[in-house]
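Observations on chain architecture
For reference, the chains in residue letters:
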Protein chains: 2
Amino acid sequence: MLIERSPLVDHGVARALADPTRRRILELLAGEQLCTCHLVEELGATQTNVSNHLRVLREAGLVVSEQAGRYAYHRLVPDRLERMSAGLAALASRSRLALAVRRPCG
Amino acid sequence: MLIERSPLVDHGVARALADPTRRRILELLAGEQLCTCHLVEELGATQTNVSNHLRVLREAGLVVSEQAGRYAYHRLVPDRLERMSAGLAALASRSRLALAVRRPCG
DNA sequence: ACGTCTCATCAGCGCGTGCTGATAGAACGC
DNA sequence: GCGTTCTATCAGCACGCGCTGATGAGACGT
């Protein structure tokens, strides 16, 4: 409902991180590059389900997929994660100073 | 559908950050402590809506609310944000090394 | 060429969630 | 006491989203 002006954290990334299965995928891909079938096996999820989650992660710029024969290898892109990490750190840092300020009410 | 074992990022926090309005609330609270009526005015949202979002943020441990007369002042708690920031940074750091590794398929 | 394997997309379903209006309660001013 | 203000909670609704089975496309082995 709200249009963001200069967001400290990207909406697509934040939304992608909101799902437990997608976070698990990111953790797995943080260890090594994996193809879809690996993820299906590791997660115990449906192939369709994994594929859908990968699409969300790809659209968020968190994952890049590369076709290798009939397999599709996926790798994690650190950039967006680091940007969001920095955004959250900035938010936390600011808030420490904000504890002293209280806008008067009424 | 998935039970997390030792999550790098907390589910409540990640879920709370997924909504644009809640992120805007966090940004506003990062600048100064505000009461509910301030947030209603700044966001142009309904009082009920803001109140619901604040409840989610409180349950995630991101915001603490304090009653001051008939007003309720809300402040951002940096702790969980910093923890998630660190978790994302760790994930990104790991992934840089993972780019070299590719699990064989089949 | 044919079957198999991997993977993505599609249509559909059910539940979670964001939003709302109405209600209730607590604090302040008169 | 009484009305007003600020806030949280409660039902209810509508949309989004995660999950599924089925289908289709591309690559490999025989």
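One can find the structure itself at the top, above this paragraph.
Residues numbered from 1 in each chain as written. Chains lettered and ligands numbered in written order. Predicted model: local features only at pLDDT ≥ 70, side-chain atom pairs only at ≥ 80, totals over all residues. Heavy atoms only, no water.

Observations regarding the interface of chain A and chain B
Threshold: Note on definitions: a residue-residue contact is assigned when non-hydrogen atoms from the two residues lie within 4.5 Å. Note on terms: buried area is the combined drop in 1.4 Å-probe accessible area of two parts once they are placed together, counting the loss on both. Salt bridge criterion: a side-chain nitrogen from Lys or Arg within 4 Å of a carboxyl oxygen from Asp or Glu. Polar contact criterion, stated in full: a pair of N or O atoms within 3.5 Å, where within protein one must be able to donate a hydrogen and the other to accept it, and residues adjacent in sequence count only if both atoms are side-chain atoms. For the purposes of this entry, the term helix denotes a DSSP run of H or I that reaches at least four residues, the term strand denotes a run of E that reaches at least two, and both are numbered from the N terminus. The residue classification treats Ala, Val, Leu, Ile, Met, Phe, Trp, Tyr, Cys and Pro as nonpolar and Asp, Glu, Lys and Arg as charged. All others, Gly included, are polar.
The interface of chain A with chain B comprises 56 residues on the first partner and 56 residues on the second. Summing both partners gives a buried area of about 5,200 Å² for chain A against chain B, and 58% of it is carried by carbon and sulfur. If you look at where chain A meets chain B, you find 8 salt bridges. E42 of chain A is the partner of R103 of chain B in a salt bridge, and the nearest nitrogen-oxygen pair spans 3.2 Å. Linking chain A to chain B there are 27 residue pairs in polar contact (both at pLDDT 80 or more). Going through the elements one at a time, α1 (11-17), α2 (20-31), β1 (34-35), α3 (36-43), β2 (63-68), β3 (71-76) and α5 (78-98) of chain A are the ones with two or more residues in the side of chain A that touches chain B. With 13 residues, α5 of chain A is the single largest residue contributor to the side of chain A that touches chain B. When the residues that make up the side of chain A that touches chain B are grouped by side-chain class, the tally is 32 nonpolar, 9 polar and 15 charged.

Focus on the environment of P104 of chain B
Its place among the elements puts P104 of chain B in the segment after α5 (78-98). Those residues within four positions of P104 of chain B in sequence are excluded, and the remaining contacts are H38 and Y73 of chain A.

Observations regarding the packing of aromatic side chains
For any pair of aromatic rings, the description rests on two quantities: the centre-to-centre distance and the angle between the ring planes. Basically, it comes down to this: In this analysis, rings of Phe, Tyr and Trp, with Trp reduced to its six-membered ring, are considered paired at centre separations within 6.5 Å, and the interplanar angle assigns stacked below 30 degrees, edge-to-face beyond 60, and tilted for intermediate values. Working rule: Lys NZ or Arg CZ, within 6 Å of ring centre, within 35 degrees of ring normal, means a charge sits over the ring.
Throughout the structure, instances matching the rule amount to 0 aromatic pairs over all chains. Lying over the aromatic face of Y73 of chain B, R102 of chain A brings its terminal NZ or CZ to 4.3 Å of the ring centre.

Regarding the protein's contact with DNA strand C
Quick note on the threshold: We call a residue near a molecule or strand as soon as one heavy atom of that residue lies within 4 Å of the molecule or strand.
Surrounding DNA strand C, one finds 24 residues, the nearest of these being C37, Q47 and S51 of chain A together with T46 and H53 of chain B. C37 of chain A is positioned with one of its backbone polar atoms (N or O) 2.6 Å from a phosphate oxygen of DNA strand C. For the surface near DNA strand C, the secondary-structure elements that each account for two or more residues are α3, α4 (47-59) and β3 of chain A together with α2 (20-31) and α4 (47-59) of chain B. Top contributing element to the surface near DNA strand C by residue count: α4 of chain A, with 5 residues. A breakdown of the residues in the surface near DNA strand C according to their chemical character gives 5 nonpolar, 12 polar and 7 charged.

Examining the sheet that holds strand β1 (residues 34-35) of chain B
All names here are of chain B. Keep this limit in mind: When DSSP finds two or more bridges between two strands, those strands count as paired.
Spatially, the 3 strands line up as an open sheet ordered β1-β3-β2, and their pairing is antiparallel. Two strands bound the open sheet, and with one partner strand each, they are β1 and β2 (63-68). Pairing analysis gives 2 bridges linking β1 to strand β3 (residues 71-76), with the strands arranged antiparallel. Looking at β3, one finds that L34 is bridged to H74.

Thoughts on the relation of the copies chain A and chain B
What counts here: The copies were overlaid by least squares, fitting only the C-alpha atoms of residues that reach a pLDDT of 70 or more in each copy.
Overlay of chain A on chain B (RMSD 0.1 Å): rotation 180 degrees, translation along the axis 0.0 Å. Overall, the copies show the geometry of a two-fold rotation axis. If distances are taken from each C-alpha of chain A to the rotation axis, the shortest is found for S85 of chain A, at 2.1 Å.

Focus on the protein's contact with DNA strand D
Near DNA strand D you find 24 residues, and of these R22, T46 and H53 of chain A together with C37 and S51 of chain B are the closest. One nitrogen or oxygen atom from the side chain of T48 of chain A is found 3.1 Å from a base nitrogen belonging to DNA strand D. R70 of chain B is positioned such that a nitrogen or oxygen atom in its side chain is 3.2 Å from a sugar or linking oxygen of DNA strand D. Among the elements that take part in the surface near DNA strand D, α4 of chain B stands out by supplying 5 residues, more than any other. Taken together, the residues that form the surface near DNA strand D break down as 5 nonpolar, 12 polar and 7 charged.

So, the nonpolar core
Cut-off, in case you're wondering: Only buried Ala, Val, Leu, Ile, Met, Phe, Trp, Tyr and Cys residues count toward a nonpolar core, and they belong to the same one when joined by side-chain atoms within 4.5 Å. When a residue's accessible area, from a 1.4 Å probe over protein chains only, is under 20% of the maximum for its type it is buried; when over 50% it is exposed; and in between it is partly exposed.
In this structure, L62 and M84 of chain A together with M84 of chain B are the most contacted members of the largest nonpolar core, which totals 54 residues. Apart from the residues within four sequence positions on either side, M84 of chain B is in contact with L17, M84 and L88 of chain A together with V9, V13, A14 and L17 of chain B.

Remarks on the sheet that holds β1 of chain A
Here we have 3 strands laid out as an open sheet, ordered β1-β3-β2 (chain A), and antiparallel in their pairing. With partners counted over all chains shown, the strands left at the sheet margins are β1 and β2 of chain A, one partner each.

Details of α5 of chain A
Cut-off, in case you're wondering: In this scheme, a helix's expected span is set at 1.5 Å multiplied by one less than its residue total.
An ideal rise of 1.5 Å per residue puts 30 Å on 21 residues; α5 of chain A measures up with 30 Å between its terminal C-alpha atoms. Contacts from the buried residues of α5 of chain A go to α1 and β3 of chain A together with α1 (11-17), α2, β3 and α5 of chain B.

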